[in-house]
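Given next are the chains, with one letter for each unit.
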Amino acid sequence: MRRLPRCLGLVSLMLVLGCRVFEAGRKVAPPEASAISPSATRALEAIDDARLRNAALDPQDWITHGGTYAEQRFSPLAEIAADNVGQLGLAWSFDTQTDRGLEATPLVVDGVLFTTGSWSVVFAIDARTGQQLWKYDPEVPRETGSKGCCDAVNRGVAVYEGKVFVGTYDGRLVALDATSGEPLWDVVTVDPSKPYTITGAPRVVEGRVIIGNGGAEFGVRGYVSAYDAATGDLVWRFFTVPGDPSLPFESPALAQAAKTWKGGEWWKVGGGGTVWDSMAYDPELRLLYVGTGNGSPWSRYARSPGSGDNLYLSSILALRPDTGELVWYYQETPGDTWDYTATQHIVLAELPIGGRSRKVLLHAPKNGFFYVLDRETGELLSAEKFAELNWAERIDLKTGRPVEARDLDYRKGVKLVKPAPIGAHNWHPMSFNPKTGLVYIPAQDVPAPFLAEKKFEYRPGEWNTGTDMAVYTEFPREIAGGSLLAWDPVHQKQAWRVVHKGPWNGGTLTTAGNLVFQGTADGRFVAYAADSGKKLWEAPAGTGVIAAPITYRVDGEQYVSVMAGWGGVFALYGGDAAASNQVRSIDGRLLTFRLGGNASLPPSKPMPLRTRAFTAPPIASAQIISGGEVLFARNCMACHGAGAVGGGVIPDLRHIDPEIAAGFDAIVRGGALRARGMPGFARLDSRDIAAILAYLQKRAAEEKL
């Protein structure tokens, strides 16, 4: 932890990339609407700062992303409890008509549910019946899909004073009329010429809409911004890494950070540190907490070859919500070189530590350590391994720094590192139950090979990790594990664990009814006893579940809702490990349960298994096939799967139609399917295309049908 003096935290508006636009010259389709009741309209208009601060007093609604500003995802509702959860049944389902990952946490206000689907589409739904009230499509151009690392997902909206706010995949922040879905203002928050995306849910704090962005894999500079909720005007912006050192730094905090970047020209390749997901807020301390992402490129050997901690990568930042001033920071992975983001879910709690009650911040990031910080000062109170890892031996409590392993310098050859870049815990939200004192983590156990690029060169528009992606040619299911982990943050130890079929399972919800709810990657929605981990109930979801559930009460009856839609980065690139879940449904849905519910789960539409163009081994030489494998790994694997094994989201390229194979050059090099999200790779030549096709033909011949 380092505490900074109170100083100017505002970024000069002359240096801000964002601009305010109304419609931005964009043709926006009118919402598909049905009337929202006058009482719901009044309730939505009444969501103000006081209501958000006191969200815990209104458990019938779910009005902010984590349930409250503390982001505990705990509900005091207990009509559904451990002794009757077996009577839970489907109340209704809603078809989102999407075929990509669904990661949103819904919000509920006075019987109206707001959620998002793929490509940042917003839905307003009757929380009693599942009837659509309105739908807003921001019409994100599908070709922007190539700007993101991790699927065309969105994690939800914020509501405030009669408005619904959503961040769009193409980098805008949009305010909608909560009653009608009509757009009120539309702000471009990023430089559209750069590979920025927004997948995270905004938060509203003291009249300001807080939003970050993603794109560090491709080469961008991270920041978090605050916009006036009423007008869309930019209030402040905090950059998480320093820019060009020949120019004035935007704040004293960045001048301090620049001293920790040594060698290289990081400002030309972005630097990274994007704030793409986690936030929490303490209204008493008036501190906004945000987690920052990995470096750009991943490898510090390429990013900052002269060493250094590279602040404020992989850090928790405490900011003033009115100015963006940095008050304190804690860096979890100094000089990160493994994509160990600190953007995982942040939880605030009060725990008995050292003989007294402490206001703490709980965090279980990718790197595999569970951190307990004093949230007023940033002091590290404890840190222990919650997952198997080999990159560090321990966290030194005196310095707050990890004691790194000495034999994982991957400039000297391939090193198998744990956790993998998908992390010991990724974005899937964890929850905290103050009754049990336990945190419920969607934990993962996956290794990954690392090898430094021999000579890193920044390639605009491509993955710029500084690592050789060709070492990721396979992802067998045997190496990938996942579990629901109940963790005691006071004693820093496991309370219980439920082992799942594999990783990439959904976020968690816990309730006063002694329950923990979680969806699974293999298509189930499950309830466990919060104190023991005993499975009490499960229902089929029809597709993989990666989002986190919520609970709410309408007309005296408690409901539990979860978005179900397989996708995200692991489902895209996880190859055999992702395919092992056998999720082949291409339809996303919102599932809502209640006691005595008797609705039928809609039939799933399985992804069609295309006619195989490849029916025999390739004639090409082993050298050409090997070259095709490397080209595939470096250009195609991120979306089409390690080893060319489709994970159930995008069609498996081992099963492409003959006409697709015949037009492969026009598609891959010419961008013939750009409008459907498939970019053109002009950097490849015809020999490269032939080599990739030969590799796909080999993989098809090897498949066991």
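Parameters at a glance
- Residues numbered from 1 in each chain as written.
- Predicted model: local features only at pLDDT ≥ 70, side-chain atom pairs only at ≥ 80, totals over all residues.
- Heavy atoms only, no water.
- Helix = DSSP H or I, 4+ residues; strand = E, 2+ residues; numbered from the N terminus.
- Buried < 20%, exposed > 50% of the residue type's maximum accessible area, 1.4 Å probe, protein only.
- Expected span 1.5 Å × (residues − 1).
- Polar contact = N/O pair within 3.5 Å; in protein donor to acceptor, adjacent residues only side chain to side chain.
- Contact = heavy atoms within 4.5 Å.
- pLDDT = per-residue confidence, 0-100.
- Axes fitted to C-alpha atoms, helices over the stretch in contact; angles between N-to-C directions.
- Parallel < 35°, antiparallel > 145°, perpendicular 65-115°, else oblique.
- 1 Å grid on protein atoms, 1.4 Å probe; cavity = no way out; pocket = protein on both sides within 12 Å on 5 of 7 lines; lining within 4 Å.
- Points joined across faces, edges and corners; volume = space filled by probe spheres on them.
- Disulfide = S-S within 2.5 Å.
- Pairing = 2+ DSSP bridges.
- Core = buried A, V, L, I, M, F, W, Y, C linked by side-chain atoms within 4.5 Å.
- Arc of directions from axis to C-beta.
- Salt bridge = Lys/Arg side-chain N within 4 Å of Asp/Glu carboxyl O.
- Phe/Tyr/Trp six-rings, centres within 6.5 Å; stacked < 30°, edge-to-face > 60°.
- Lys NZ or Arg CZ within 6 Å of the ring centre and 35° of its normal.

With that settled, the discussion passes to unusual backbone geometry. With an omega of 5 degrees, the peptide bond running from L311 to Y312 counts as cis. Summarising the element assignment, Y312 is placed in the loop between helix 4 (300-303) and strand 22 (315-319). Although it is not a glycine, E139 sits at a positive phi angle of roughly 55 degrees. Relative to the helices and strands, E139 resides in the loop between strand 9 (132-136) and strand 10 (158-160). By relative accessible area, E139 is classed as partly exposed at 32%.

A rise of 1.5 Å per residue sets the reference length of helix 11 (residues 686-702), with its 17 residues, at 24 Å; its end C-alpha atoms lie 25 Å apart and thus fit the reference within 8%. If you check which residues of helix 11 are buried, you get D688, I689, A691, I692, L693, A694, Y695, L696, R699 and A700. Capping of helix 11 at its N-terminal end is provided by D685; its side-chain oxygen lies 3.0 Å from the backbone amide nitrogen of R687.

We now examine the environment of E462. Mapped onto the secondary structure, E462 falls in the loop between strand 33 (448-450) and strand 34 (481-488). With 189 residues separating them in the primary sequence, E462 and P651 have C-alpha atoms 22 Å apart. Apart from residues lying up to four places away in sequence, E462 is in contact with E217, F218 and R683. Of note is the side chain of E462, whose polar atom sits 3.3 Å from the side chain of R683.

On average, residues of the protein score 91 in pLDDT, and 93% of them reach the 70 mark or higher. In this model residues 1-28 is a low-confidence stretch, pLDDT under 50, and it forms 74 contacts with partners more than four residues away in sequence or in other chains.

Between helix 7 (residues 622-635) and helix 11, the shortest axis-to-axis distance is 7 Å and the interhelical angle comes to 95 degrees. Classified by the angle between their axes, helix 7 and helix 11 sit roughly perpendicular to one another. In contact with I624, I625, G628, E629, L631 and F632 of helix 7, helix 11 contributes D688, A691, I692, A694, Y695, L696 and K698.

The subject of this paragraph is empty space enclosed by the protein. Think of a ball as big as a water molecule: rolled over the atoms, this probe shows where empty space is left. Counted by the stated rule, this structure contains 6 cavities of 30 Å³ or more. In this structure, the largest cavity spans a volume of roughly 470 Å³. Around the largest cavity, the lining is made up of 35 residues, and of these C149, C150, E217, D339 and V569 lie nearest the centre. When residues of the lining of the largest cavity are traced back to their parent elements, those giving at least two are helix 5 (568-573) and helix 8 (637-640).

So, on to the state of the cysteines. One covalent bond between the sulfur atoms of two cysteine residues makes up a disulfide. Going through the model one piece at a time under the given rule, you end up with 1 disulfide. For C149, the disulfide goes to C150, at an S-S distance of 1.9 Å. Between C149 and C150, the S-S torsion sits near -90 degrees, and that sign places the bridge as left-handed. The partly exposed category is assigned to C150, whose relative accessible area is 23%. Note on C636: no disulfide assigned, nearest cysteine sulfur contributed by C639 at a separation of 9.1 Å. Judged by relative accessible area, which is 12%, C636 ranks as buried. Looking at C639, the relative accessible area reads 35%, which means it is partly exposed.

Now for the sheet that holds strand 37 (residues 515-519). Spatially, 5 strands are ordered 4-36-37-38-39 in an open sheet, and the strand pairing comes out mixed. Looking at strand neighbours, the two that pair on one side only are strand 4 (74-75) and strand 39 (535-540), the edges of this open sheet. Here 5 bridges tie strand 37 to strand 38 (residues 524-529), and the two strands are oriented antiparallel to one another. From the neighbouring strand, Q518 faces strand 38, where its bridge partner is V526.

What follows deals with the nonpolar core. Residues F114 and F517 are the most contacted members of the largest nonpolar core, which totals 93 residues. If one sorts the elements of this core by residue count, strand 41 (residues 557-564) sits on top with 5 residues. Not counting residues up to four positions away in its chain, the partners in contact with F114 are L44, P106, L107, F123, A124, W134, V157, V159, V164 and A178. Counting 81 residues, the second largest nonpolar core, distinct from the first, contains M469, A480, A642 and F681.

Now for helix 1 (residues 38-45). When we look at burial in helix 1, the residues that qualify are A40, T41, A43 and L44. Considered in projection along helix 1, the buried side chains sweep an arc of 160 degrees and stay on one side of the axis. Along helix 1, the residues that are exposed and aim more than 90 degrees away from the buried face are P38 and R42. Of the surrounding secondary structure, the elements contacted by the buried residues of helix 1 are helix 2 (49-53), strand 6 (107-109) and strand 7 (112-116).

Applying the stated criterion to the full structure yields 42 salt bridges. Measuring nitrogen to oxygen at the nearest pair gives 3.3 Å for the salt bridge that ties R172 to D170. Residue class for D170 comes out buried when judged on its relative accessible area of 16%. One salt bridge connects E453 with R459, and the closest N-O pair in it is separated by 3.3 Å. A relative accessible area of 22% places E453 in the partly exposed class. Salt bridges sharing common partners tie together E453, R459, E462 and R683.

Moving on, we come to the side chain of N505. Tracing the sequence through the fold places N505 in the loop between strand 35 (493-500) and strand 36 (508-511). Among the polar contacts listed, one links the side chain of N505 to the backbone oxygen of G502, at a separation of 2.8 Å. In terms of polar contacts, N505 uses its side chain to reach the backbone amide nitrogen of A521, at 2.9 Å. Leave out the neighbours within four places in its chain, and N505 touches H428, P442, G482, S483, H500, Q518, G519, T520, A521, V545 and I546.

Mapped onto the elements of the fold, D522 is located in the loop between strand 37 and strand 38. Assessed through its relative accessible area of 25%, D522 is described here as partly exposed. Those residues in contact with D522, other than ones at most four positions away along the chain, are K501, N581 and V583. At a separation of 2.5 Å, a polar atom in the side chain of D522 contacts the side chain of T520. Within polar-contact distance, the side chain of D522 engages the side chain of R524 at 3.3 Å.

All right, on to the packing of aromatic side chains then. Counting across every chain of the model gives 34 aromatic pairs. Seen in terms of ring centroids, Y301 and Y410 are 5.3 Å apart; in terms of plane orientation they differ by 70 degrees. Their pairing is edge-to-face. Residue Y301 is found in helix 4, and its partner Y410 is found in the loop between strand 29 (401-404) and strand 30 (415-417); the two are separated by 109 residues along the sequence. Overall, the relative accessible area of 18% leaves Y301 in the buried class. Residue class for Y410 comes out buried when judged on its relative accessible area of 0%. An aromatic cluster is defined as three or more aromatic residues linked by ring pairs; in this entry it consists of F218, W298, Y301, Y410, F450 and W463. Positioned above the aromatic ring of F239 is the side chain of R221, whose terminal nitrogen or guanidinium carbon lies 4.0 Å from the ring centre. Across from the ring centre of Y301, 4.1 Å away, lies the NZ or CZ of R411, which sits over that ring.

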